[in-house]
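Structural overview
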4 protein chains.
Amino acid sequence: MSARRGGSKTEKGAESPARGRLGVWVVGLGGGLATTMVCGARMIARGLASNNGLVTSTPAFSHLEVADLGDLVFGGHDIRPVSLHASALEIHRDTGTIPFEPLEAIRADLDAVDENLRLGTVVNCGAAVTALAGKAAKRRRESLADTLDGITRDLEEFRDLHGLRDVVVVNLASTEPRLEPQKDHQSIAGFRRLVAEDRRTAVRASSLYAWAAISLGFPFLNFTPSNAALLPAHLKLAAKKGVPVMGNDGKTGETLVKSALAPMFKYRHLEVMSWQGYNILGDRDGQVLADERNKASKVETKDGVLNRILGYPLHTHVAIDYVPSLSDLKTAWDFIHFRGFLDYKMSLQFTWQGCDAILAAPIVLDMVRLADYAHRSGEEGLMTQLACFFKRPLGVDEHDLHFQFHHLMDYLAARRGAN
Amino acid sequence: MSARRGGSKTEKGAESPARGRLGVWVVGLGGGLATTMVCGARMIARGLASNNGLVTSTPAFSHLEVADLGDLVFGGHDIRPVSLHASALEIHRDTGTIPFEPLEAIRADLDAVDENLRLGTVVNCGAAVTALAGKAAKRRRESLADTLDGITRDLEEFRDLHGLRDVVVVNLASTEPRLEPQKDHQSIAGFRRLVAEDRRTAVRASSLYAWAAISLGFPFLNFTPSNAALLPAHLKLAAKKGVPVMGNDGKTGETLVKSALAPMFKYRHLEVMSWQGYNILGDRDGQVLADERNKASKVETKDGVLNRILGYPLHTHVAIDYVPSLSDLKTAWDFIHFRGFLDYKMSLQFTWQGCDAILAAPIVLDMVRLADYAHRSGEEGLMTQLACFFKRPLGVDEHDLHFQFHHLMDYLAARRGAN
Amino acid sequence: MSARRGGSKTEKGAESPARGRLGVWVVGLGGGLATTMVCGARMIARGLASNNGLVTSTPAFSHLEVADLGDLVFGGHDIRPVSLHASALEIHRDTGTIPFEPLEAIRADLDAVDENLRLGTVVNCGAAVTALAGKAAKRRRESLADTLDGITRDLEEFRDLHGLRDVVVVNLASTEPRLEPQKDHQSIAGFRRLVAEDRRTAVRASSLYAWAAISLGFPFLNFTPSNAALLPAHLKLAAKKGVPVMGNDGKTGETLVKSALAPMFKYRHLEVMSWQGYNILGDRDGQVLADERNKASKVETKDGVLNRILGYPLHTHVAIDYVPSLSDLKTAWDFIHFRGFLDYKMSLQFTWQGCDAILAAPIVLDMVRLADYAHRSGEEGLMTQLACFFKRPLGVDEHDLHFQFHHLMDYLAARRGAN
Amino acid sequence: MSARRGGSKTEKGAESPARGRLGVWVVGLGGGLATTMVCGARMIARGLASNNGLVTSTPAFSHLEVADLGDLVFGGHDIRPVSLHASALEIHRDTGTIPFEPLEAIRADLDAVDENLRLGTVVNCGAAVTALAGKAAKRRRESLADTLDGITRDLEEFRDLHGLRDVVVVNLASTEPRLEPQKDHQSIAGFRRLVAEDRRTAVRASSLYAWAAISLGFPFLNFTPSNAALLPAHLKLAAKKGVPVMGNDGKTGETLVKSALAPMFKYRHLEVMSWQGYNILGDRDGQVLADERNKASKVETKDGVLNRILGYPLHTHVAIDYVPSLSDLKTAWDFIHFRGFLDYKMSLQFTWQGCDAILAAPIVLDMVRLADYAHRSGEEGLMTQLACFFKRPLGVDEHDLHFQFHHLMDYLAARRGAN
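What counts, and where the lines are drawn
Residues numbered from 1 in each chain as written. Chains lettered and ligands numbered in written order. Predicted model: local features only at pLDDT ≥ 70, side-chain atom pairs only at ≥ 80, totals over all residues. Heavy atoms only, no water. Helix = DSSP H or I, 4+ residues; strand = E, 2+ residues; numbered from the N terminus. Buried < 20%, exposed > 50% of the residue type's maximum accessible area, 1.4 Å probe, protein only. Contact = heavy atoms within 4.5 Å. Salt bridge = Lys/Arg side-chain N within 4 Å of Asp/Glu carboxyl O. Buried area = accessible area lost by both parts, 1.4 Å probe. Pairing = 2+ DSSP bridges. Right-handed = clockwise from strand over helix to strand, strands pointing away. Least-squares fit on C-alpha atoms with pLDDT ≥ 70 in both.

Turning our attention to the environment of Phe-158 of chain B. All names here are of chain B. As for its placement among the helices and strands, Phe-158 is situated in helix H7 (residues 144-162). Judged by its relative accessible area of 4%, Phe-158 is buried. Note: C-alpha distance between Phe-158 and Leu-89 (69 residues apart in sequence) is 26 Å. Residues in contact with Phe-158, not counting those within four places in the same chain, are Gly-23, Val-24, Trp-25, Val-73, Phe-74, Gly-75, Asn-116, Leu-164 and Val-167.

Below, the structure is given as structure tokens:
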């Protein structure tokens, strides 16, 4: 079916607004997800892989002019030195998700991306993240203002060097501890004050990346649960600058299934008494999440979905445990205890065995394409049409996956009319 | 939450069109599903059980005047002598789904229903069903015309004896072998000819029950997969008589989950390569399904759902195996093998442990209420608004559970306007 | 097969040493496990239930003269007022494990056992247990010496009142926090000193129950993980008094499966990399285990099994989470990640759905019978032949279930020769 | 732990009887299992893989002089042209079980094995196997006597060409339909008569391979369920020739788990009411098993295990379904329904996700080593010490995995004494 191999999806005239090189700047470029995404984009562009997993490559999107994968230019920040090829080879050996033979075929492409890596910041990301950072990142003890300037310069340089028509900035870095909201997070002036006064505990790395991106007029996507990336001040800046942004926390595995299944119980007036979710995984994210402070951000976004869909409080539990032997092959077991007619208790269990990076990579590419489209179309602020891709979609109360997806379909239908 | 105990759902004025005794005539009155349904309706009416599982008792339906459970009068056909209390006690001992203490409290109610039982027919139902029948049913070797007359008289007598304002007829009998469509099935005159000429192999028991019901102007629901119940001739008769009807095959367990989950894969462009479903159960239905001819009807309705939702052919398999120790506690294991980005293969498994009768009973009551409402509202022919309750909804191509449910919600919204 | 109904297992002459009334004193008499055990023993004695689950009722034990269930007289301590019938009815309503009709038939038997209840102690059992205690138990602020005397008097009175030939004391109370070993725990004199000096934090309730039992020459079984019940001082006292004792922590569910399955991996040189175990349950034990201090005792005994069977360190994790809707129907999901030829990774998952009380009750009865037999045979100290019934069998390093079971079979074979 | 990389396991003197080149002749050399085995043996010999999965490489076997993997010389028959490297590359691409980088390192080794391939026979193997055969195999319409002569010559040539001290012949071909026993299968003379008279329907391909091997004094192992390989006549010939042989049907997955778990229920007097096993797989074996006649052989060996371990009849079912997308990654779901105290019903489910070839390959190598050892030790006839490796061990009634494994340990202990 969908296994049509690669190449350009549609014939676009040279004058198409979707043509031209589009930058994709990744915070966390050396991570497993970024590596998988870059490899996949290059393999598909070279006809070495199918476009499975890419929603924007399905017929429903055919009337939307989205960027060709071959036109994407990748770069990014990381807190450690990066060789994408080495990272990809490690993934191949660990899980086999990146196939060996096409990997060798795109080696030069990956080496070129390595050239676009810049050293990132770990400011206030928590001990677990800092422990992962290379020496250079740990030494970098600048003021917040200097860090922000540095990030801004990196982004400008990337755009200028490659002659990019736009840059979409995506946060794929490890989960930060939750940032408690403060008054200065509410306004553009407030955030600027925090930076100017170097109040480091009120700002995290993700806050700076997002600020730099939006200030430059670049669309920003927060694929992580880190709440510091898109504070109210950021949203106000996005509105002012006319930039589309969206977050938080990509919905790729257990929560995706939850948000697809939970409505079924509602449709049948089956009372869900308990929904226990156990996630086990072994990659670097798992290590960071083993730190309780970082885990709290994650569990919070996973756990709220059910109450909101079902409309009543229920007993829920979400565990995320680090099991090194699994690498990135996350396994989740969910046990759903529900009660029906005559209050009889029944159960549904599921075991999800997916690879987080494989599930996440294509929807990051989808959102890059849709953010680029939105920017070209003059949209600004929260891209609520992307709600179906997020565990905690900003500005959206609806967690039912089906509603969310049809919201995106409605957006497409409206655009079809507009074109 | 929903465990509010019993009683009447809304305050209705004495003049409400939903008031007055409503007959529910069940084909297969002595079976586990019918027993569970009658027990539940009485327990809820007496405030001994919550209304869990009843969709029509949720707030979304509050503006629709549906019949009180306490106003339902039950009767029906069976091919064996029936004591609903004895049947309920057997279920209590087997699976515990019907609780002992409330069962004792409604004993007199059940004994009263036993009075409304009439001997049914097994004409052309296959050897497996005939083997279950009591002696009297097996002896009954009348012509088709005589059988049809007998059924008609039973229904009229039931209505008249209890002063019922209407009767909804529901087929809950064991699955019959599939009936191959013939020319005479296409028209009212054709069906009448089959009966008149006593062409027994062209008609099954369910064809006669449905014909009698519709002829009398009674709404008819086919909760079984038996395709002989609602032939084209029946639909034409329903249109002519102004009677609402619907079928086939109640969607209660594994197929329900399938139709809720499958859209998720479509939303993410994840290619489902294989979907294997294994059902094990041990009740009388399981015995009948152990006969390959009867099973074929069932598997056909379960298996088509996926292709239609996903839009492409995939490897599917549905097994139904008889495991006596399980009684009615059906267990299903589904293995879903899918492929995502970079063609990487992943899997989702689920184990569904439900009780078929507990899942089916409330939606039969829901449909009785909605069929009564439709009849009072002057609707006729296929009640496509009930598609979400069927594995193979007649007149509906959509198998996505979410679409189906929202179709029902749209129907409700339209009725709200109409009231 | 085994569903032969009740009654006396073997014809014993009036002079058999196994005849005569045998006391079974239960610490925690009002709990779910004790209730299930007493109900089951009475139902089997009255021919109302099969002897399924009772190992001592299988042919392998036929040459051993064990006590008839009908000769057992039950009594015990609890920290709350107890009505066994009320407790049994609650269990029936919650989980259906105790059937209604036979329960009504043994109601008088249960009421008679209620007469043998005495108020227990909560000394130093942790806040979670104390919270469960009734007012009387909480008020009971005696010295340790007085408490010990009280327990002793209760036991003597029970024996004398019913003319019992012996009393087996069984600890089925909620898990206590782990007791750190001290010097005074090592000797009989030391323990006596702790009591005399009223050093309450060095002693827990279970320490006193066991001490009273052994002092009176009554066999003692610790079915709980509480390590305070059988301290080195207790073992020395048991040797001195000629009393058989055994513990700790009955092996009934997930750990039973673990100890049966883990050897398979060893036999095939399959390297188990990770073994994750998730237990969910909702009974009173679950509530107590929600207190981290009490849980620690439990997890420790569950978690050590694998390393010892496999012979190398591996990544293990045992979670026990409280899910109220499950009551006593514990569900466990284990994920076993292993590596074989070419270091290829594979997995085995299992879901165990059992009822703890149903699994534990018969082996408590089995051990009561075997402890009685051992006492009559003049055995003293640790009954290592019972290792297969414990998660952490005292005096036994072997955790392979098969070795443990064959150790019991060897014991039987040796007794057969001795008789 | 066991991941010690390759090389020779023990230092053996040059004069060790285990030294010298040992032939391994594989019927079905081009299949997935044979490919995996040859690749693994070469990778371990070259230090490119651990010896995980090899039982004979564990300390328990250290006193037994078994052949070094580096001394094994592989050859065999197949019914299609074979390139082991191409076959291994296909497996790598399908399932990733054979890793890419070490595969390239042993490419020359594999090419050398290709030289030792000879064209096999499909005589009377059933239509499903014949369909898989290459043209040359299908054309080969010789008499049985000529085929047997050809096989014999191939084996002699292999031994002579490589100067092998012995050859172990292993049947890894696809499952044949069951052969109904006849009088002439009972004696050496009878079998010779069948061949001489060219009675093709009374003999299958595996009968001829085994006969040729045993006649030449070569140990023979039947890893398949095909019952035609070791008929009574073969066993008599093996006794006469002083040759050790063993079969049938390697125990690698679901049945292995069954035989490890079933005893647990016996130990606790838990009555297993039903044990349903569903196997899904997608390799060439799966295709052959889709032919009902070939499947019957397989299911029969899988299904008898439980009755024999538990000692009473129970409801069992074993399904094997072909799911192409799984390739060789067999998945099995087992549902075990059991009844304990108070006849309460509980369940255990497991999902086994293994790779058949990865599980089977090392135990084939183990058995080659142990058959070679047995031959050198002067043992003849059935090697019952290998029972733990077979689903249907010839000459052994015991199916409890633990008994079987300890039987092997006893054999080792006896040999330790003998050395």
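There's more to say after this.
Looking now at the pattern of salt bridges. In the structure shown here, the tally under the stated rule is 76 salt bridges over all chains. Two residues, Arg-376 of chain B and Asp-372 of chain B, come together in a salt bridge whose shortest N-O distance is 3.2 Å. You can see Arg-376 of chain B and its partner Asp-372 of chain B sitting in helix H14 (residues 356-376), 4 residues apart, about one turn around the helix. Look at Arg-376 of chain B and you get partly exposed, because its relative accessible area is 29%. Taking the relative accessible area as the measure of exposure, Asp-372 of chain B reaches 0% and is therefore buried. With its nearest N and O atoms 3.2 Å apart, the salt bridge here joins Arg-339 of chain D to Glu-271 of chain D. Pair noted here: Arg-339 of chain D is in strand E9 (residues 331-339) and Glu-271 of chain D is in strand E7 (residues 271-281), with a separation of 68 residues, a long-range link. One salt-bridge network, held together by shared partners, links Asp-184, Arg-193, Glu-197 and Arg-199 of chain A.

The next thing to look at is the interface of chain B and chain A. Listed as interface residues are 67 residues of chain B and, on the opposing side, 67 residues of chain A. Of the roughly 5,600 Å² buried at the junction of chain B and chain A (both faces included), carbon and sulfur atoms supply 67%. Among the residues chain B hides against chain A, the three largest losses belong to Arg-268, His-269 and Phe-341 of chain B. Together they make up 18% of the total. Our count for the chain B to chain A interface comes out at 0 salt bridges.

On to the pairing of strand E1 (residues 22-27) of chain D, then. All names here are of chain D. Of all 6 residues in E1, 6 are buried, a share of seventy percent or more. Relative to strand E2 (residues 72-78), E1 runs parallel, the two sharing 6 bridges. Following the sheet pairing, Val-27 is matched in E2 by His-77. As a crossover connection, the stretch from E1 through helix H1 (residues 32-45) into E2 is right-handed. Bridge analysis of E1 against strand E4 (residues 166-171) gives 6 bridges, and the strand direction is parallel. If you follow Leu-22 over to E4, its bridge partner there is Asp-166.

A word on the relation of the copies chain B and chain A. Between the two copies, chain B and chain A, the superposition gives an RMSD of 0.1 Å; the rotation angle is 180 degrees and the shift along the axis is 0.0 Å. The transformation relating the two chain copies, once decomposed into turn and shift, fits a two-fold axis. Proximity to the rotation axis, assessed at the C-alpha, singles out Phe-350 of chain B in chain B; its C-alpha lies 2.0 Å from the axis. Same-surface contact between copies: 100% of interface residues of chain B are shared with the interface of chain A.

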